[in-house]
Protein chains: 2
Amino acid sequence: MPLTKQVFIAVIGAGGVGKAFLSQLHHLATNLSRSPAAPTYVSLILLATSKKSIHHADYKSLSNWESELAASNTPPLPLPQLAEYLVNAPGKVVLVDNTSNQEVADSYPLFLKKGISIVTPNKKAFSSTSQLWADIFNAAANGNGSGGYIFHESSVGAGLPVISTLKELVETGDEVQKIEGVFSGTMSFLFNSFQPVNGGGGKFSAEVKTAKEKGFTEPDPRDDLNGLDVARKLTILARLAGLKVESPTSFPVQSLIPKELESVSSGDEFLSRLPEFDGQMEELKNAAEKEGKVVRFVGSVDVPKGEVKVGLEKFDKSHPIAALKGSDNIIAFYTKRYGDNPLIIQGAGAGGEVTAMGVTGDLIKVLRLLH
Amino acid sequence: MPLTKQVFIAVIGAGGVGKAFLSQLHHLATNLSRSPAAPTYVSLILLATSKKSIHHADYKSLSNWESELAASNTPPLPLPQLAEYLVNAPGKVVLVDNTSNQEVADSYPLFLKKGISIVTPNKKAFSSTSQLWADIFNAAANGNGSGGYIFHESSVGAGLPVISTLKELVETGDEVQKIEGVFSGTMSFLFNSFQPVNGGGGKFSAEVKTAKEKGFTEPDPRDDLNGLDVARKLTILARLAGLKVESPTSFPVQSLIPKELESVSSGDEFLSRLPEFDGQMEELKNAAEKEGKVVRFVGSVDVPKGEVKVGLEKFDKSHPIAALKGSDNIIAFYTKRYGDNPLIIQGAGAGGEVTAMGVTGDLIKVLRLLH
């Protein structure tokens, strides 16, 4: 007789990633229920946004979340009540956090301790204080605890297999020496356009404008140019590689926002004044060009030295980091086993579908582990 | 109170991969036994080569396999007896097949049905008849069956995360359109040296000789040049992408062995006569050069067309396949989600340490799944 399994899913966030995830969840749930040997029934019991929630006292499955959400007037449950609601569900529960909300991230230890598993692309949970990192992994079953499982592949490089690969290198006993790469789709696009390997490229401010128009930047481009997003990803990788990193501001991060424009009131004003600083960027570009190199915005972790840094670096035109295209990410792992030629992973590192793919992949891992 | 878990490991094969695996297993076992929340005790109960076996009737752990193996006069157990021995072990068992033996591969369904899990880099299990593939996955718990688990990351690209990534693309509902890459360290080295992107390179026969001297080829280089190794890897990837492939000889595979040298009696005679055919390879090289391209030996799967092929192709010098270095592998997944810029994985695809890493990584997955 086949073993059947019932798992309840609660989702927070219904933006780009959230919507793509819900569509992938539908596909997955259909496939899992048809497994001849061990069907798994996955049911969505809660969907919350920052303004609304849909869920039922009897944990009834949400069959048509789009119309139910549109019709709902229920505000989201405060996080402690959400945890209570989920812990009383008649079966195992996975919380899918598709937000980038710090408050939700801060509550992960609470959920995990109650046996609720978590899958998420939310970088803030893993790149804030080292205390939060410790609290999460001291509670999680795949850490030092006995609570729920936690996976966060999409917190670096979206669906690219970056975190799982780094974990496997470490767990199988390889020695990671250096991790280096382009970790931001926005920064990738900006520099691949600003200084292509084959020459050409526009003024830096013009490329920022184009990137914004194409939807490759945050509403205020300073939120990309300050380097914090990349610093958060490097914090996560450095911690997984065994370094103690207090926070994403505890190591050198180069901001591309000119000092004079840090405090201008709007993204639009910032964009209109940015051309005043094109000369500085042009100098960097020309200096690199003279050495036969190009400028790229990268992050790196030097494990033996315990150093993490984020900022502009020059690369030979034949280097894989220089040759990157579009808004792709690239991550190179230099390890004892892989020697001089690193293990490289490359591809889209942002976007709803590929970010959701990492989350869905993590959910599959949790479903296999829940017995 | 911590949950403790005891798992028994049986290893076949103590060559380059086998030895590297045993060293990684020692490291892993030490770490797992120290896990504060849920220590796992992994014990090696059998090690067999083609000539000898060490194992004890009471399933006592092998503490010093090197000296025990040297001292042993016990011939290996025939496979059905091996299965009987393992199934009677007082706990869950994982069989690690570090051989490339067809007979061992053919017996996987037997082991799996008895609840024994398998991890292996042995390509032959997954690239022989489609019947064997079906028998394996109809028995396995992570297929359609209720037996042991099976994982085989290192059967393509050694420790590079190729199979896990393809499985995740498929399981999360992406549509894989094309898989293309360089899947042989030998072929990578030969063509990167024969026609480097920056010009130069030696005669083809001279590069084959160098590759053999560096230990990059099989003892008889024809076993690399016939393309069968690459065809086996493509068979595995095509099947995982959903194509029905009868065998690795059921699609076009270009052999680089001149017809006239197919039946010469030894690898040495083959090498001494290969220079007679350098003119043909030189012509291919020059034809590519005229188009600004280079020649590479690649495999590809076109999923919508249901086509698999292996052989020489020309690539623009700026293409990631052309820019490959040393003996690295590269695998590009073109999918609906990743669009024009594929998801790329690159790095060493052969060697004892990195192959064993894939096997150890698979073992970790199985240990997590065994409760």
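Chain A appears in an unreviewed UniProt entry as Homoserine dehydrogenase from Dendryphion nanum. According to UniProt, the comment filed for chain A under the heading Cofactor (unreviewed entry) is "a metal cation". The UniProt entry for chain A carries the following text under Sequence similarities (unreviewed entry): "Belongs to the homoserine dehydrogenase family."

Novice: Please provide a residue-by-residue account of the UniProt feature "domain: Homoserine dehydrogenase catalytic" (unreviewed entry) in chain A, values included.
Specialist: Taken from the UniProt record, the annotation "domain: Homoserine dehydrogenase catalytic" (unreviewed entry) applies to residues 161-364 of chain A. A distance of 14 Å separates the end C-alpha atoms of residues 161-364 of chain A, which is 39% helix and 20% strand.

Novice: Which residues make up the UniProt feature "binding site: NADPH" (unreviewed entry) in chain A, and what values do they have?
Specialist: All names here are of chain A. UniProt records the feature "binding site: NADPH" (unreviewed entry) at Thr99 and Lys123, using the numbering of this structure. Look at the named residues: they lie 25 residues apart in sequence, but the longest C-alpha span between them is just 9.4 Å, so in the fold they bunch up. The residues touching Thr99, leaving out its near neighbours within four places in the chain, are Ile12, Gly13, Val104 and Asn122. Side-chain polar atoms of Thr99 contact the side chain of Asp97, separated by 2.6 Å.

Novice: Explain the pattern of salt bridges to me, and be specific about the residues and the numbers.
Specialist: The full count for this structure, using the stated rule, is 28 salt bridges over all chains. Linking A:Lys365 and A:Asp362 is a salt bridge whose minimum nitrogen-to-oxygen distance equals 3.5 Å. One end of the pair is A:Lys365 and the other is A:Asp362, both in helix α15 (residues 352-369) and 3 residues apart, which spans about a single turn. Take A:Asp362: its relative accessible area is 1%, and that puts it in the buried class. A salt bridge links B:Asp229 to B:Lys233; its shortest N-O distance comes to 3.0 Å. Of this pair, B:Asp229 and B:Lys233 both sit in helix α12 (residues 228-240), 4 residues apart, which is roughly one turn of the helix. Relative accessible area serves as the criterion here: at 7%, B:Lys233 is assigned to the buried category. Here the salt bridges share partners, and the residues they tie into one network are A:Lys123, A:Asp229 and A:Lys233.

About the criteria used
- Residues numbered from 1 in each chain as written.
- Chains lettered and ligands numbered in written order.
- Predicted model: local features only at pLDDT ≥ 70, side-chain atom pairs only at ≥ 80, totals over all residues.
- Heavy atoms only, no water.
- UniProt positions renumbered as here; feature names shortened; annotations may be inferred.
- Helix = DSSP H or I, 4+ residues; strand = E, 2+ residues; numbered from the N terminus.
- Contact = heavy atoms within 4.5 Å.
- Polar contact = N/O pair within 3.5 Å; in protein donor to acceptor, adjacent residues only side chain to side chain.
- Salt bridge = Lys/Arg side-chain N within 4 Å of Asp/Glu carboxyl O.
- Buried < 20%, exposed > 50% of the residue type's maximum accessible area, 1.4 Å probe, protein only.

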